[in-house]
Amino acid sequence: MNMDQKECFPVLDWYWKAVGEVELVPFIFQQTLRKDILARVVLWQLAKRRSGNHKTKGISEISGTTRKPYRQKGTGKARHGSRRSPQFVGGAVIFGPVVRSHSYSLNKKVRSLGLRVALSLKKQEGNLFVLEDHSVPLSLKTKDCQGFFRKIGSDSALLIASDSTYANVERSVSNLPCYNVLHQDGLNVYDILRHKNLIISKSSLQHIEERLQP
């Protein structure tokens, strides 16, 4: 793998016709497949997305009297100090879940490598496309976006868009379940891997290269 030699890659317009070429940075698009890195980044992302709001009530949070149910001795029953204890119906839960964050830190270099490996994987599979921003129509309907995505012969695709095209496409794609548009700042490993095809606008490609360069 030659990390110094750039590779020319075709740029397509909205109608999937070649309108030019762009050079892909080898450091970003020629990484060796690292499944362990991809797994670490995806698990980190999913952990951050967990709400962590599951909770049970402890004995101090249960409504009820604090009076002792009955006297300590002489009844032939077990000794109890409260009806809010866990052995009673409606009582507390011992060692139950509490509200907490499931997120944890992951080294920035690992996150960056994960993105580069995911981008390289899409290119190696032949599922990476570069789109010319200026060819995107200013007015789009859902059927226009659906036809655009279907021309690549896939029922699952992700479009990475810049400020100039994101607003135009986002609303039109919002009700298509298998096609999504993502702003260039939100590029992440999980969304790349869960779509078969990855389409990056030309201006977003420059932003990504600046972001991931060493």
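Because the structure is a prediction, the values reported are computed rather than measured. (Residues numbered from 1 in each chain as written. Predicted model: local features only at pLDDT ≥ 70, side-chain atom pairs only at ≥ 80, totals over all residues. Heavy atoms only, no water.)

**Considerations on the sheet that holds strand 2 (residues 18–24)**
Strands sit in the order 2-1-3-6-4-5 across an open sheet of six strands; the sheet is mixed. Looking at the sheet topology across the chains shown, the edges are occupied by strand 2 and strand 5 (179–183). Taken over all neighbouring pairs, the strand axes of this sheet differ in orientation by 30° on average, direction set aside. Bridge analysis of strand 3 (residues 128–131) against strand 6 (residues 197–201) gives four bridges, and the strand direction is parallel. Within strand 6, the residue paired with valine 130 across the bridge is isoleucine 200. (Pairing = 2+ DSSP bridges. Helix = DSSP H or I, 4+ residues; strand = E, 2+ residues; numbered from the N terminus. Axes fitted to C-alpha atoms, helices over the stretch in contact; angles between N-to-C directions.)

**Some thoughts on the environment of asparagine 107**
In this structure, asparagine 107 sits in the loop between helix 2 (35–49) and helix 3 (108–125). Note: C-alpha distance between asparagine 107 and histidine 80 (27 residues apart in sequence) is 51 Å.

**Examining the nonpolar core**
Of all hydrophobic cores here, the largest spans 33 residues; its most connected members are Leu119, Ile160, Leu198 and Ile200. Among the elements that make up this core, the one with the highest residue count is helix 3 (seven residues). The residues touching isoleucine 200, leaving out its near neighbours within four places in the chain, are Leu119, Leu128, Phe129, Val130, Leu131, Ile160, Leu205 and Ile208. Trp14, Phe148, Ala161 and Leu176 belong to the second largest nonpolar core, which has 20 residues in total. (Core = buried A, V, L, I, M, F, W, Y, C linked by side-chain atoms within 4.5 Å. Buried < 20%, exposed > 50% of the residue type's maximum accessible area, 1.4 Å probe, protein only. Contact = heavy atoms within 4.5 Å.)

**Points about the pairing of strand 4 (residues 157–161)**
In terms of burial, strand 4 is largely enclosed, as five of its five residues are buried. Because side chains alternate across strand 4, one face comprises the buried residues Ala157, Leu159 and Ala161, and the other comprises Leu158 and Ile160, equally buried. Pairing of strand 4 with strand 5 involves five bridges; the strand directions are parallel. Following the sheet pairing, leucine 159 is matched in strand 5 by valine 181. Pairing of strand 4 with strand 6 involves four bridges; the strand directions are parallel.

**Structural notes on unusual backbone geometry**
The backbone of tryptophan 16 shows a phi angle near 65°, a positive value even though the residue is not glycine. Positive phi values are uncommon outside glycine, yet phenylalanine 95 reaches one of about 55°. When you line up the elements, phenylalanine 95 lands in the loop between helix 2 and helix 3.

**Examining the side chain of histidine 183**
Its place among the elements puts histidine 183 in strand 5. In this structure histidine 183 comes out as buried when scored by relative accessible area, which is 18%. Every residue in contact with histidine 183, bar those within four places of it in the chain, is listed here: Ala161, Ser162, Asp163 and Tyr166.

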